[in-house]
Amino acid sequence: MINTARLHSDLSRLARETAMMSATIRTQSSEELAADSLCGGWSRAHVIAHLASNGRTLVKLVDWAITGEPQKLYASQDARNAEIDQLAALPREELLSAFDESAAFFAQECERLAGELAVEEVDLHGKIIPASSIVALRIAEVVIHHHDLDTAWSIQDADPASQENAVEAAVRTMRVKDAPGMTLLSEEGDEWVIGDGSLTVRADRASLVEWLARGEARNIEADGPIPQLPTW
C-alpha cells in the first residue's frame, strides 16, 4: 500500500505542473503548435499529443500494480506513433481538450493506488518502476515535455521535487540504454549512479535533466570528458 499522504502530495504537485503546461499550451496559436519542439522530429503539437496518449497509457501501470496482471502499454511502436500522429493532426481546440481529459483521467485513476496493491513494482519498457512512483513518472513526463515546447517556461521553472522526478526518470532510461558509467551529483545534494559510476558529473537538477534528456551540456561539469549519451 502506498502512503496516502505521499500519494495526495504527488497528485497535487502533478495538478500544478499540468495546469502550468496547460496554460502555456493555450498561449500557442495553431501555427505555433505546428512549429518544431526540442523533441527531435516532433512539432509542439506532437509533444502535446504524446502526453495526451501517455496519460491514458500510464493508467495501465496502475492496473498492473492493483491487479498484479502485467499490462502491455502499446500494441506496437508503430501503433503508438500512429496514435500520436493522429492526435497531433487534430484541430487546436480538440488537441487541447484531449490533453486536459487525459490528464484528468490519469489523476482520477491514480486515486486507486491508495488501496491494496498486488505488486510493489511494474515494468515500463524494461525500466522497473516502484508502484509508489507512478505519479512521479507522469510528473517527469509533464515537466520534461513542457520544457520541450521551447517557450518562456523551462525545466528551471519546475518545482524542485518535480525536477528530481525528471532526473530519476532520465537516469532509469540511461541505465536501460547502457549509458557510460557515471555518478551524478546535483547541487541540491542528490546522487545517482549509472553503471560503474566511474565519471563524476555535477550540475543542478534542472541542468542534469537538460543534459540527460536532450543532450544540452552547457551547465555540466565532469571529472573528465563529457560523454556522448544514448538518445532518449
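*Asks:* It is not clear to me how the pattern of salt bridges should be interpreted in this structure. Could you clarify?
*Replies:* This structure, assessed with the given rule, holds 12 salt bridges. With a shortest N-O distance of 3.2 Å, R13 and D10 are connected by a salt bridge. On the criterion of helical spacing, the pair formed by R13 and D10 is a turn pair, its members being 3 residues apart in helix α1 (residues 4-25). Residue classification places R13 among the buried residues on the basis of a relative accessible area of 8%. The salt bridge partner of R218 is E210, with a shortest N-O separation of 3.3 Å. With relative accessibility at 56%, the residue R218 sits in the exposed group. Members of the salt-bridge network, linked through shared partners, are R6, D10 and R13.

*Asks:* Help me understand the sheet that holds strand β5 (residues 199-203), please; the structure alone is not making it clear to me.
*Replies:* Backbone hydrogen bonds are what pair the strands of a sheet, in a parallel or an antiparallel way. Overall, mixed pairing links the 4 strands, which are arranged β4-β3-β5-β6 in an open sheet. Each end of this open sheet is capped by a strand with a single partner; those strands are β4 (191-194) and β6 (221-222). When strand β3 (residues 182-186) meets β5, the two strands line up parallel, connected through 5 bridges. Pairing of L185 across the sheet is with R202, part of β5. Strand contacts of helix α8 (residues 160-176): β3 and β4, with the helix running at about 10 degrees to β4, the strand carrying the most contacts. Sitting on the sheet, helix α9 (residues 205-214) touches β3, β4 and β5, and the angle it makes with β3 is about 145 degrees.

*Asks:* Help me understand helix α6 (residues 92-110), please; the structure alone is not making it clear to me.
*Replies:* In this model α6 runs 28 Å from its N-terminal to its C-terminal C-alpha over 19 residues, within 8% of the 27 Å that 1.5 Å per residue would give. Here α6 has its buried residues at L95, L96, A98, F99, S102, A103, F106, E109 and C110. Those residues of α6 that are buried lie in contact with α1, α3 (44-57), α4 (59-67), α5 (77-88) and α7 (134-148).

*Asks:* I keep staring at the side chain of R13 and nothing clicks. Help me out?
*Replies:* Within polar-contact distance, the side chain of R13 engages the side chain of S162 at 3.0 Å. A distance of 2.7 Å separates polar atoms of two side chains, one belonging to R13 and the other to N165. Setting aside residues no more than four positions away along its own chain, R13 makes contact with I139, D159, A161, S162 and N165.

*Asks:* Sorry if this is basic, but what is going on with the layout of surface pockets here?
*Replies:* Where empty space is left in the structure can be found by rolling a water-sized probe over the atoms. Reported here for the largest pocket is a volume of approximately 750 Å³. Around the largest pocket, the lining is made up of 30 residues, and of these H50, R80, K127, E141 and W232 lie nearest the centre. For the lining of the largest pocket, the secondary structure elements donating two or more residues are α3, α5, β2 (127-130), α7, α8 and α9. Here the lining of the largest pocket gets 5 residues from one element, more than from any other, and that element is α7.

The rules we used
Residues numbered from 1 in each chain as written. Predicted model: local features only at pLDDT ≥ 70, side-chain atom pairs only at ≥ 80, totals over all residues. Heavy atoms only, no water. Salt bridge = Lys/Arg side-chain N within 4 Å of Asp/Glu carboxyl O. Helix = DSSP H or I, 4+ residues; strand = E, 2+ residues; numbered from the N terminus. Buried < 20%, exposed > 50% of the residue type's maximum accessible area, 1.4 Å probe, protein only. Pairing = 2+ DSSP bridges. Contact = heavy atoms within 4.5 Å. Axes fitted to C-alpha atoms, helices over the stretch in contact; angles between N-to-C directions. Expected span 1.5 Å × (residues − 1). Polar contact = N/O pair within 3.5 Å; in protein donor to acceptor, adjacent residues only side chain to side chain. 1 Å grid on protein atoms, 1.4 Å probe; cavity = no way out; pocket = protein on both sides within 12 Å on 5 of 7 lines; lining within 4 Å. Points joined across faces, edges and corners; volume = space filled by probe spheres on them.

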